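What follows is the residue order along each chain.
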Amino acid sequence: MTIDRKELDAAGRVRHETPPGPRTEVPAVDRVGVEHGASGSRVHLEDVKAYYGTKRVLHGITLSLEPGVVTGIIGPSGCGKSTMVRCINRMHEEVPGGRCEGRILLDEIDLNGPEVDVVGVRRAVGMVFQKPNPFPTMSILGNVLAGLRFVGVPRERRIERAEAALTDAGLWDEVKDRLSDPGVSLSGGQQQRLCIARALAVEPDVLLMDEPCSALDPAATMRIEELITQLKRRVTIALVTHNMQQAARIADVTAFMLAGELIEVGSTDRMFTDPQDERTEQYVTGRFG
Amino acid sequence: MMRAGLAGGLRASEQDLVAEARLVHEQLRRVTEALMTRDPRSAAEVVEGDDAVDRLYLVTEDRLLKLIARQGPVAGDLRLVSAILHSNLHFERIGDLCVNIAKFVLNGYRYPTDSQMLRTLMDMGDRAAAMINDGIDAFVARDLELAERLTVSDDAIDVLNRTMLIHLRPYLGDPASFEWASHLLLIARYLERIGDHMVDVGEQVSFLVTGVFREFADASHPHGAST
Amino acid sequence: MRLRQMAVDPLGARVPNLRRRRIVNAAWIGSAWAGASIAVGLLLVVVAGVVARGIGSINPTFLTTPTDPFGSGGGISNAIVGTAILVALASAMAVPVGILTALYTSEFASRRLASGLRYVLDVLNGVPTIITGIFVFGLLVVGRSQSGWAGAAGLAIVMVPLIARSGQEVLALVPSGLREASLALGASRWRTVLRVVIPTSIGGLVTGALLAVARAAGETAPLLFTCSIFPNLVQTDPSRVLPNIPITIFQFSESPDPVKHAQAWAAALVLIAFVLAVSMVARLLSARTRRRLQELR
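Quick caveat: nothing in here was measured; it's all calculated off a predicted structure. (Residues numbered from 1 in each chain as written. Chains lettered and ligands numbered in written order. Predicted model: local features only at pLDDT ≥ 70, side-chain atom pairs only at ≥ 80, totals over all residues. Heavy atoms only, no water.)

**Things to note about the overall build of chain A**
Our working rule: Helix and strand definitions here come from DSSP, where helices need a minimum of 4 consecutive H or I residues and strands a minimum of 2 consecutive E residues; each element is numbered from the N-terminal end. Only protein chains enter the accessibility calculation, which uses a 1.4 Å probe; a residue whose area is less than 20% of its type maximum is buried, one above 50% is exposed, and one in between is partly exposed. By definition in these notes, contact holds between two residues if any of their heavy atoms fall within 4.5 Å.
Looking only at helices and strands, one finds 11 helices and 10 strands in chain A. The buried share among the 289 residues of chain A stands at 56%. Of the contacts formed within chain A by residues at least 6 apart in sequence, a portion of 67% connects residues at least 24 apart.

Have a look at this one:
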C-alpha cells in the first residue's frame, strides 16, 4: 500500500514523541477550497452600509467573494444577510426607501458607480430566491428564454443557450420532452432548478442565492446543494442560508453576520471547528441569545 | 443517493486508515527483523517511519472532526466515523510500540539472537503482524467473524507472553545479560499490547456492523474488563 | 340517545355554562344565516319579479324593432344598439385609464402616493352618479347638445374607479417574487409589468373591466342629462343622442299605456339578463385567476 504523498504534505510535521491527541498541533489542511481556473468574478464589498428609509440595517460590511468559492452567509433572522447580497445586484434599491452606500467592486468595476447601468449589474450578478418563482404564464423553455430576451440575446442563439443552461442546472434530462409545459407544473425542487437555469442562461459571473432551499424538501435540497458544488467552478456563489448545516456542508468560506455587522469570516472548516469570535461560537453551537 | 461530500470524506478516511494499518504492519515486520538481526540501521528507519504513521493519524483525525462538524453524519455513517477514529488511535499506538522496540535495538545490546526468548518474540511478532492484517481486512470487509477470530490470535500471544518469564530464568543470575533480558521481557509486553489493540479494532468492527458495542471476551479479559 | 351522551360528556365539567354557550352559539349562527338568506331572497325576488312581468312581452319583434311611440307593436332595438355603443365607447375610455391607474399605483407609485390615489378612487366611486351626470352636462352638453359622446363620458367616469380599484386588488395578488425574478434578470420596470405582471394578472384585470361594464350598462343618472332625448329609431352616430335601455325603461314606465308598462318590464328583463350574464363570465374568469395566483403565493 502506498501512501498518498500529497496527503502527507498537507499534514504538519509531528515528532512521534509528542503524545497524539486532540491537543496536538493541527495539520495545515485548513485551506479554502479554491478551484484553480475557476471562471467567476471577484466581488469585493468595502464598508457597505444599507438603509431602509432612515433606518440603517448594514453598518459597514467589508467582505470578498472569491471565484471558485461558495461563500456561505449565516446569521439569525434579520441580521442583514439577505440585504447584503441584495446590495450586490442592486435589488436593495428596488425596495421602497432602500439605499446602499459604500463600494461594491465586481473585479475592477464599482457597481454603484454613476455610469453603471443597473441592467448590466443584474446581467453580471444573477440571483436565485428563497421561493421558486418561475413566471407562471411561461413554459419551461419560455422561463429560461425570458432572461435572454430581457438582455437582448439574438433570437437564433437563445435556444442553444437555454439548453445549455438547463443542462448546467441538471434539469435538461427531466424536462427535455416537456419544454412547452408551464414552468409551474414542475415540482418545487425542479422549479428552483428552473430558476437557477433561468439565472445561468444570461451567463452571470456571480450567482447570489438567497436561502434557495428553504422551501424545498430534503431530497430536493440535496440536489440543489450538489448543483451548487458543481456550479462554483463557473460562477462565484454567495449562499445566504439560515440553515447552518447547509453552510457547513457546501460553503467553502463562511461569513457570520449579526445585527447588520460582519462578525467573522473564514474557511468553513475553521468556522465550524474553531471559530475565533465568541458570538460565532455561540451561534454555530446553537447557544445563541 | 448519498451526499457527495460525506461519502468522499468517509471513503478517503477509510482508505487512509487502511494505509496506516499497512504501514504499521510494515513497521512491525521491519522492527522484528531488526531485533532478530540486531540491525541498528533498520531500527533507525522504523523510528523515522513513525512520522508517516503520525501524519496519517493526524490527517484522519482532522478530516473526521471536520466531517462531523460540517456533514453531520448519522447512523451507519456516524458509526463508521467513530470506528475509524478509534481504530486510527489504536494503529497510531501500535506504531509507537514499534518505535519503542526499535529504540531498544538502537541501544546496541549484544544479546544472543538464537535464544528461546528471541524465538518466542519472533513468534509473537509474526502473530501480531498477522492480527494487524486480519483486523484491517475485517474492517474493510465488515467481516464480523474475522474480527471475532482476533481474540483467538490474541490468546495465543498472551500464552507466549507468559512463557517469556520461563525463558528469562537462565539469564536472571547474570548481571551482564540481566539488562537486555528484562528489556526483551518488556518487548514481549509491547507485542502483547499490539494484540490487545487489534482486539479493540475488532470490537470497533463489531460495533460498526452491529451497532452494539461489546468487548470481546477472551483469556486476557475474561470478565469483559479491559487490561 | 345523543343528548344522553352529551349529558355525560366526560369533559363537560371543565366548561362552565355549557348549555348557555351552546344556545348563544346557535343563536349567532341562526341570525347570520337569516341575514344571508334575506340577501339571496332579495335577488331572487327582484329577478323573479322582473321575469314574471317582463317575459310576456319578450319576442323577436320586441328585440328587433325600434320603439313605436304611439302603437303597441314597437320594440327596443334602438335602445339595445344605443346602449351597446354607449357601453363600448365608455369602456374604450375607461378601461385604459382604469388599468393604467391600477398599474401606476401598484407598480410605480411610492407607498404614500399609492394610498392617496386609492383614497381618491374610493371617493370618486362614492360620488352619486346624478352628480357625475350634471358634471358631464355642464362640461359637454351646455352650449352644445346631448350626445352619445357625452353619455359615454358619464358612464366612463363611473367605470374608471371600479376598474382601477379592482385592478389594484388583483395586482396586489401578484407575488412580489415574480417582479423580483424579472428585475433580477435585468428587466426594466415597465418590461417587468408588460411581460410578467400583466400576463399573470390579465384574468383579474378583465374581470374588473367586465364588472364595470355590467354596472355601466344599467346606469341611468349619468345619461339623464347627457343622452336622454333621443328619436325612436336605430342610431349609431355617437355625436347624436343615442337611445339606451335605462332611459327607455324610465320613459316607458312614465307612459299611460299599459302595453308600454309591460314593455318597460321586458326592457328591464333584457338589461338584467345582460348584467347577470356579464357578471357570471367575470366570476368564472376571476375564480380561475385567483386560484392561479393563490397557488403562486
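**Structural notes on the arrangement of the chains**
If you rank the two pairs of chains in contact by how many contacts each has, first place goes to chains A and B. Spatially, chain B is disjoint from chain C: no contact exists, and the shortest C-alpha separation is 29 Å.

**Side note on the packing of helix α4 (residues 116–141) of chain B against helix α6 (residues 175–210) of chain B**
All names here are of chain B. Counted only if it meets this: Fitting a line to C-alpha atoms yields each axis, with helices limited to the stretch in contact; the angle taken between N-to-C directions then spans 0 to 180 degrees. Angle categories: roughly parallel below 35 degrees, roughly antiparallel above 145, roughly perpendicular from 65 to 115, and oblique for all the rest. In a left-handed crossing the near helix is turned counterclockwise from the far helix by less than a right angle, and in a right-handed crossing that turn is clockwise. Ten residue types, Ala, Val, Leu, Ile, Met, Phe, Trp, Tyr, Cys and Pro, are classed as nonpolar, four, Asp, Glu, Lys and Arg, as charged, and the remainder, Gly among them, as polar.
For the pair α4 and α6, interaxial distance at closest approach is 9 Å and the crossing angle is 15 degrees. Considering the angle they form, α4 stands roughly parallel to α6. The hand of the α4/α6 crossing is left-handed. Each residue belonging to the contact of α4 with α6 can be placed in one class, and the counts come to 22 nonpolar, three polar and one charged.

**Examining the confidence of the model for chain B**
Residues and elements named next belong to chain B. Here is the rule we go by: Confidence of the predictor in every single residue is expressed as pLDDT, which spans 0 to 100.
Here chain B shows a mean pLDDT of 90. Residues at 70 or above account for 94%. Segment residues 223–227: pLDDT under 50, and seven contacts once partners within four positions in sequence are set aside and those in other chains are kept. On the interface metric, ipTM, the complex scores 0.81, and its pTM is 0.76.

**Quick notes on the sheet that holds strand β5 (residues 109–110) of chain A**
All names here are of chain A. What counts is decided by this rule: DSSP-based pairing: two strands are paired if at least 2 bridges between them are found.
The sheet built from four strands is open, its strands ordered β2-β1-β4-β5 with antiparallel pairing. On the outer flanks of this sheet lie β2 (55–65) and β5, each paired with one strand and no other. Direction of pairing for strand β1 (residues 43–52) relative to β2: antiparallel, over a ladder of eight bridges. What sits directly across from Tyr52, in β2, is Lys55.

**Overview of helix α2 (residues 81–88) of chain A**
Residues and elements named next belong to chain A. Of all the eight residues making up α2, seven are buried; the element is thus mostly covered by neighbouring parts of the structure. Buried residues of α2: Lys81, Thr83, Met84, Val85, Arg86, Cys87 and Ile88, and no others. At the exit of α2 stands Arg90, carrying a positive phi of roughly 60 degrees.

**Topic: unusual backbone geometry**
Trans peptide bonds make up the majority, and among non-glycine residues the majority have a negative phi. Residues and elements named next belong to chain A. Residue Arg90 is not a glycine yet carries a positive backbone phi of 60 degrees. Within the secondary structure, Arg90 sits in the loop between α2 and β4 (98–106). Taking relative accessible area as the criterion, Arg90 reaches 13% and is therefore assigned buried. At Asp107, a residue that is not glycine, the phi angle is positive and equals roughly 50 degrees. Tracing the chain through its elements places Asp107 in the loop between β4 and β5. On the basis of relative accessibility, which here comes to 40%, the residue Asp107 falls in the partly exposed class.

**A closer look at the pairing of strand β8 (residues 236–240) of chain A**
All names here are of chain A. Basically, it comes down to this: A clockwise course of the path from the first strand over the helix to the second, judged with the strands pointing away from the viewer, identifies a crossover as right-handed.
Of all the five residues making up β8, five are buried; the element is thus mostly covered by neighbouring parts of the structure. Both faces of β8 are covered, namely the face carrying Thr236, Ala238 and Val240 and the face carrying Ile237 and Leu239. Of the strand pairs in this sheet, strand β3 (residues 70–74) and β8 are connected by four bridges, and their pairing is parallel. Residue pairing in the sheet places Thr71 in a bridge with Ala238 of β8. In terms of strand pairing, strand β7 (residues 206–210) meets β8 through five bridges, oriented parallel. Pairing of Val206 across the sheet is with Thr236, part of β8. Handedness of the β7-helix α8 (residues 218–231)-β8 crossover: right-handed.

**A closer look at the packing of helix α8 (residues 176–184) of chain C against helix α9 (residues 189–218) of chain C**
Residues and elements named next belong to chain C. Packing of α8 against α9 brings their axes to within 9 Å, and their N-to-C directions diverge by 140 degrees. Classified by the angle between their axes, α8 and α9 sit oblique to one another. Judged by the sense of rotation from one axis to the other, the crossing of α8 with α9 is right-handed. Between α8, through Leu178, Arg179, Ser182 and Leu183, and α9, the contact on the second element is made entirely by Arg189, Thr192, Val196, Val197 and Thr200. Here the residues of the contact of α8 with α9 sort into four nonpolar, three polar and two charged.

**Things to note about the nonpolar core**
In plain terms, the rule: The nonpolar core is taken to be a set of buried Ala, Val, Leu, Ile, Met, Phe, Trp, Tyr and Cys residues, with the residues joined through side-chain atoms within 4.5 Å.
One finds Leu28, Leu35, Phe91, Leu121, Phe139, Leu184 and Ile187 of chain B to be the most contacted residues of the largest nonpolar core, which totals 69 residues. Elements with a minimum of two residues in this core: α1 (4–37), α2 (40–71), α3 (75–106), α4, α5 (144–168) and α6 of chain B. A total of 14 residues in this core trace back to one element, the largest contributor, which is α3 of chain B. Residues in contact with Leu35 of chain B, not counting those within four places in the same chain, are Ile101, Phe104, Val105, Tyr111, Leu118, Leu121, Met122, Leu184 and Ile187 of chain B. Counting residues in each nonpolar core, the second largest holds 49 residues, with Val153, Leu166, Ile196 and Phe256 of chain A among its members.

**Things to note about the interface of chain A and chain C**
Note the cut-off: For any pair of parts, buried area is found by adding up, for both, the accessible area (1.4 Å probe) each one loses once the two are put together. Within this document, salt bridges are pairs made up of a side-chain nitrogen of Lys or Arg and a carboxyl oxygen of Asp or Glu, the two lying within 4 Å of each other. The definition of a polar contact used here is a pair of N or O atoms within 3.5 Å, where within protein one atom must be able to donate a hydrogen and the other to accept one, and adjacent residues in sequence count solely through side-chain atom pairs.
At the interface, 24 residues of chain A touch 20 residues of chain C. When chain A packs against chain C, the two sides together hide about 1900 Å² of surface, and 64% of this comes from carbon and sulfur. When the buried surface of chain A facing chain C is broken down by residue, Pro136, Thr137 and Phe150 of chain A rank first, second and third, together holding 30% of it. At the boundary of chain A and chain C, one finds two salt bridges. Between Arg86 of chain A and Glu180 of chain C there is a salt bridge; the shortest N-O distance is 2.9 Å. Summed over the shared surface of chain A and chain C, the result is four residue pairs in polar contact (both at pLDDT 80 or more).

**Digging into the pattern of salt bridges**
A complete count under the given rule lists 33 salt bridges over all chains for this structure. A salt bridge links Asp277 of chain A to Arg279 of chain A; the shortest N-O distance between them is 3.1 Å. Where Arg63 of chain B meets Asp16 of chain B, a salt bridge forms, and the shortest distance between an N and an O atom there is 2.9 Å. Here Arg63 of chain B, found in helix α2, pairs with Asp16 of chain B, found in helix α1; they are 47 residues apart in sequence, far enough to count as distant. The network of salt bridges with common partners includes Arg86 and Asp210 of chain A together with Glu180 of chain C.

**Focus: the environment of Leu23 of chain B**
Within the secondary structure layout, Leu23 of chain B lies in helix α1. Taking the C-alpha atoms as reference points, Leu23 of chain B and Met36 of chain B, 13 residues apart in sequence, are found 20 Å from one another.

**What to know about the sheet that holds strand β6 (residues 125–128) of chain A**
All names here are of chain A. Within the open sheet, the six strands sit side by side as β6-β7-β8-β3-β9-β10. Their pairing is mixed. In this open sheet, the two edge strands, each paired with only one partner strand, are β6 and β10 (261–267). Put simply, the sheet's adjacent strands are angled 20 degrees from each other on average, direction ignored.

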